[in-house]
Amino acid sequence: MPPALANAPTLPERARRIRLHALRMGEVQGQGYIAQALGIADVLAVAYFHAMSFRAEDPAWEGRDRFLLSIGHYAIALYAALAEAGIVPVSELDTYGSDDSRLPMSGMAAYTPGMEITGGSLGQGLTVAVGMCLGLKRKASRSLVYTLLSDGELNEGATWEAAMSAAHWSLDNLVALVDVNQMQADGRSSSVLGFEPLAEKWRAFGWHAQRVDGNDIPSLVAAFDAARNATVAGPRVIICDTRMARGVPFLEAREKSHFLRVEPHEWADAIRLVEGAAP
Amino acid sequence: MTAAPRRATTSAMIASLAAEGQRTAPAPFGHALSRLAETDDRIVGMTADLGKYTDLHVFAERFPDRFYQMGMAEQLLMGAAAGMAREGFMPFATTYAVFASRRAYDFICMAIAEEHLPVRIVCALPGLTTGYGPSHQATEDLAIFRGMPGMTIIDPCDAHDIAGAVPAIAAHPGPVYMRLLRGNVPLVLDEYDYRFELGRAAMLRDGADVLVISSGIMTMRALEAAKLLEADRIGAAVLHSPTIKPLDTETILAAAARPGRLVVVAENHSEIGGLGEAVAALLLRHGHGPRFRQIALPDRFLDAGALPTLHDRYGISTTEVARRIREWL
């Protein structure tokens with residue numbers, strides 16, 4: 001964990017800045033998975049600025065905790081976090097989704113420092129995480145592998161192959177994060193393919209499972225700490241109930257869809273709102 | 001009443017491909033991998049509940065703590081192999097060719113190939129090497145993997161070839177798909193002045209009338225057929241091309257350029273998308289127009305049955321190869 005500096009921004013401030021970075025990327029492109037980014041910002045703030053070890057100047061540092069973005073379309077959110085972490089220059093965020101940018105619309109490992117895997121083909125991230133955790137254990141490494149999944153992604157069967165495997169191998173270095181924002185491509189997640197009871201499901205697969213409000217930073221901090229410090233064997237999952245577009249009330253109130261429509265003039269309004277929320 | 005002639009029966013999956021009396025070597029892949037792992041700590045073995053059926057059990061017995069039984073979950077196997085490679089290891093991941101190519105394709109494509117990770121995918125039951133029917137017969141695996149950017153594809157002929165291919169693919173930087181013969185594997189190529197080189201085709205015998213370009217077990221068949229043709233004073237050259245991708249274009253073009261020879265590609269694979277079409281396209285692209293014929297499996301779901309019956313039925317047995325070449329000349 002990075003040493004806590006007396007003047008270091010607080011976690012809510014980190015989350016606010018991640019939202020701001022994401023909105024600015026969305027403004028440049030005029031589009032983006034902004035509702036997901038705003039919804040997951042608190043989780044990313046706690047992951048990067050409370051839980052994980054990393055070196056901004058050396059993103060491939062062997063001792064780092066790994067963060068796998070299985071849901072590649074959340075790249076806008078992760079770029080925002082990587083910028084806030086100093087791994088990607090803030091000035092580069094303007095290139096998001098542009099030709100020859102290191103920040104493509106869907107996250108890819110070869111493009112971006114700090115992007116551990118190429119996600120986007122949903123259902124793969126947790127399988128790769130299992131292999132990385134096995135490899136880390138072979139190396140007697142104490143690094144953890146955090147893997148961000150979404151509720152819709154749980155439709156993919158390979159996720160459950162990996163869930164069984166992680167428990168079978170007692171992978172206590174694996175922390176899955178499930179963003180339950182109740183939205184996938186064709187609509188409300190629970191009506192596309194029902195997934196509840198979720199915590200019970202993971203527990204039945206042999207996981208240490210917690211379910212928290214994914215927009216409540218103190219709850220997230222407690223959950224990440226519990227995941228790291230739990231003395232039980234086996235993998236850990238934190239199921240995070242999040243609200244899409246969190247932090248921008250007029251977007252939060254809008255009828256939700258997988259790809260939230262934002263009018264050109266609304267980006268600046270949203271940015272002003274989040275800027276105004278500075279402590 | 002006379003008894004009806006006894007019909008041939010389907011062999012168990014672990015049956016050897018070797019003809020009666022043919023020389024064989026046991027589990028060449030498992031032994032070659034174990035030898036290599038003695039000096040290369042990065043090597044780990046991973047399988048999807050088919051360790052015994054891909055000869056990986058030999059490695060597992062020698063290096064139990066480097067063996068990962070991933071369960072009957074091929075997508076997980078490939079994703080986890082990618083993860084293992086990301087952490088600096090060199091996984092040899094084994095299953096059957098049907099499951100790797102059909103079920104786990106996207107995982108191999110995105111988690112392994114797109115990331116250019118050094119995962120070696122080694123798969124038993126390629127083409128028509130089991131009588132279990134389409135569920136186990138990987139008749140289109142080469143077509144499937146040829147379409148994947150960056151994937152190196154190997155189709156070895158025999159135990160000698162496999163023993164040579166294992167260290168060669170380990171030394172290769174990117175991902176590799178290798179077809180595997182397992183169990184008591186025929187031993188043929190050690191009688192020739194030949195050793196496996198990745199990316200290279202090798203002329204095993206020369207002949208003036210027909211050039212057979214082949215891979216996998218069809219090289220063994222082509223060599224046997226060439227002996228039969230010799231008795232009819234037909235000279236058959238056999239060019240073994242175990243690397244399907246990237247093709248050894250230089251050697252193939254040079255051999256095919258020799259005038260007056262019928263060019264036949266023989267492959268244990270569907271006529272669509274394998275070595276035959278790869279060679280045909282290569283010749284066309286370079287303006288070569290020799291007489292060209294293909295010995296390959298038909299574009300159909302194949303029958304179940306005894307392998308000798310099926311190899312005759314689909315034209316890839318030695319006698320069928322020789323008969324068809326005679327017809328074409």
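Since this is a predicted model, take the numbers as computed values, not measurements.

> Please explain the overall build of chain B as it appears in this structure.
Secondary structure summary: chain B contains 12 helices and 14 strands in total. For 329 residues, the compact-globule estimate of 2.2 N^0.38 gives 20 Å, and chain B sits close to it at 19 Å. Dimensions of chain B, computed from C-alpha atoms along their principal axes, come out at roughly 65 × 55 × 35 Å. Sequence separation of at least 24 residues holds for 79% of the intrachain contacts in chain B that already meet a minimum separation of 6. When the accessible surface of chain B is totalled, it reaches about 12700 Å², and 52% of it is carbon and sulfur. Here chain B carries 32 positive and 37 negative side-chain charges, and the mean point of each set is 4 Å from the other.

> I tried to follow the packing of helix α4 (residues 125-138) of chain A against helix α5 (residues 157-168) of chain A on my own but got confused; where do I start?
The axes of two packed helices give the description: the angle between them and the distance between them. Residues and elements named next belong to chain A. With their axes 8 Å apart at the nearest point, α4 and α5 run at an angle of 25 degrees to one another. Taken together, α4 and α5 sit at an angle that is classed as roughly parallel. Taken as a pair, α4 and α5 cross one another with a handedness that is left-handed. Packed against α4, whose contacting residues are L126, T127 and V130, the element α5 presents A158, T159, A162, A163, S165 and A166 at the interface. A class-by-class count of the residues in the contact of α4 with α5 yields 6 nonpolar, 3 polar and no charged.

> Would you mind showing me how to read the pairing of strand β1 (residues 66-69) of chain A here?
Every regular strand shows the same layout, with side chains that alternate between the two sheet faces. All names here are of chain A. Neither face of β1 is exposed, since R66 and L68 on one face and F67 and L69 on the opposite face are all buried. Note: β1 against strand β2 (residues 145-150), 4 bridges, orientation parallel. Opposite L68, over in β2, you have T147 as the bridge partner.

> Explain the interface of chain A and chain B here, please?
Accessible area lost upon the coming together of the parts is a frequently used measure of interface size. Between chain A and chain B, the residue contacts involve 25 residues of the former and 25 residues of the latter. Summing the contributions of chain A and of chain B, the shared interface buries around 2000 Å²; its carbon and sulfur component is 59%. Three residues, Q124(A), R138(A) and E161(A), lead the burial of chain A against chain B; their summed loss comes to 31% of the area buried on that side. Put simply, chain A and chain B have 2 salt bridges between them. A salt bridge links R66(A) to E87(B), with the shortest nitrogen-to-oxygen separation between them at 2.8 Å. Of all elements in the fold, only α4 and α5 of chain A reach the threshold of two or more residues within the side of chain A that touches chain B. It is α4(A) that contributes the most residues to the side of chain A that touches chain B, 9 residues altogether.

> Please clarify how the sheet that holds β2(A) should be interpreted in this entry.
Sheet strands line up and pair through hydrogen bonds in the backbone, either parallel or antiparallel. Residue and element names in this part refer to chain A. Read from one edge of the open sheet, 5 strands run β1-β2-β3-β5-β4, paired in parallel fashion. The sheet terminates laterally at β1 and β4 (208-213), the two strands that pair on one side only. Strand after strand, the sheet turns through a mean of 20 degrees between neighbouring axes, direction not considered. Sheet topology note: the strand β3 (residues 174-180)/strand β5 (residues 236-241) ladder contains 6 bridges and is parallel. Bridging across to β5, V180 finds its partner in D241. Against the sheet, α4 makes contact with β1, β2 and β3, and its axis sits at roughly 170 degrees relative to β2, the strand it touches most.

> Explain the state of the cysteines here, please?
Cysteine pairs can be covalently joined through their sulfur atoms, and such a bond is termed a disulfide. Residues and elements named next belong to chain B. Taken as a whole, this structure holds 0 disulfides over all chains when the rule is applied. C123 takes part in no disulfide bond, and the closest cysteine sulfur, belonging to C109, lies 15 Å away. Free cysteine C157: the closest other cysteine sulfur is in C123, separated by 19 Å.

> How do you make sense of the domain arrangement of chain B when you look at a structure like this?
Residue and element names in this part refer to chain B. Splitting chain B by domain gives domain 1 (24-186) and domain 2 (199-328). Here domain 1 and domain 2 have C-alpha centroids that lie 25 Å from each other. Taken residue by residue, the interface counts 31 residues in domain 1 and 29 residues in domain 2. Taken together, domain 1 and domain 2 are joined by 0 salt bridges.

> Would you take a moment to explain the sheet that holds strand β2 (residues 43-47) of chain B for this structure?
All names here are of chain B. With respect to topology, 7 strands assemble into an open sheet ordered β3-β2-β4-β5-β7-β6-β12, the strand pairing being mixed. For this open sheet the edge positions go to β3 (67-69) and β12 (243-245), each flanked by a neighbour on one side alone. On average, each strand axis in the sheet is inclined to that of its neighbour by 20 degrees, with strand direction left out of account. As paired strands, strand β4 (residues 90-96) and strand β5 (residues 120-124) are joined by 5 bridges and run parallel to one another. Its bridge partner lying in β5, Y96 is registered against A124.

> Just to check I follow, could you spell out the pattern of salt bridges for this structure?
A side chain with one charge can pair with a side chain of the opposite charge if their charged atoms come near. Across all of its chains, the model carries 40 salt bridges over all chains by this definition. The closest approach of N and O atoms between R64(A) and E116(A), which form a salt bridge, is 2.6 Å. With R64(A) in the loop between α2 (34-51) and β1 and E116(A) in the loop between α3 (75-84) and α4, this residue pair connects regions lying 52 residues apart in the sequence. E116(A) shares its class with R64(A); the two are buried. Residue E327(B) pairs with R323(B) through a salt bridge whose shortest N-O separation is 2.6 Å. Taken together, the positions of E327(B) and R323(B), both in helix α12 (residues 318-328) and 4 residues apart, correspond to about one turn of that helix. Among the residues examined, R323(B) registers a relative accessible area of 36% and is labelled partly exposed. Among the charged side chains, a salt-bridge network with shared partners connects E13(A), R14(A), R16(A), R17(A) and E84(A).

Conventions we followed
Positions within a chain are numbered from 1, following the residues in the order the chain's sequence is written. Think of it this way: whatever chain is written first is A, whatever ligand is written first is 1, and the rest follow in order. Owing to the predicted nature of the model, reporting of local features is limited to residues with pLDDT of at least 70; listing and counting of side-chain atom pairs is limited to 80 or more, with chain, interface and lining totals taken over all residues. Remark: hydrogens and water are excluded; side-chain values derive from all non-hydrogen atoms of the structure. For the purposes of this entry, the term helix denotes a DSSP run of H or I that reaches at least four residues, the term strand denotes a run of E that reaches at least two, and both are numbered from the N terminus. To get the radius of gyration, use the C-alpha atoms; to get the globule rule, take the number of residues to the power 0.38 and multiply by 2.2 Å. Contacts: residue pairs with any heavy atoms within 4.5 Å of one another. All accessible-area figures derive from a Shrake-Rupley calculation using a 1.4 Å probe, and residue coverage is judged against the displayed protein chains alone. By the counting scheme adopted, Arg and Lys are positive, Glu and Asp are negative, and His together with the chain ends is not counted. Charge positions are represented by NZ for Lys, CZ for Arg, CG for Asp and CD for Glu. Every axis corresponds to a line fitted to the C-alpha atoms, with the helix fit spanning only the stretch in contact, and the corresponding angles, defined between N-to-C directions, vary from 0 to 180 degrees. Relative orientations are named as follows: roughly parallel for angles under 35 degrees, roughly antiparallel for angles over 145 degrees, roughly perpendicular for angles from 65 to 115 degrees, and oblique for any other angle. Here is the rule for handedness: rotate from the far helix to the near one, and if that takes an anticlockwise turn smaller than a right angle the crossing is left-handed, while a clockwise turn gives right-handed. Gly is put with the polar residues, along with every residue not named as nonpolar or charged; the nonpolar set is Ala, Val, Leu, Ile, Met, Phe, Trp, Tyr, Cys and Pro, and the charged set is Asp, Glu, Lys and Arg. A 1.4 Å probe rolled over the protein chains alone gives each residue an accessible area, and that area as a share of the maximum for its type sets the label: buried under 20%, exposed over 50%, partly exposed in between. At least two bridges found by DSSP between two strands are what make those strands a pair. Note: buried area is the sum, over both parts, of the accessible area (probe 1.4 Å) each one loses when the two are combined. Put simply, a salt bridge is a Lys or Arg side-chain nitrogen that is within 4 Å of an Asp or Glu carboxyl oxygen. Note on disulfides: each one is a pair of cysteine sulfur atoms within 2.5 Å. Those domain boundaries reflect an automatic or database domain assignment.

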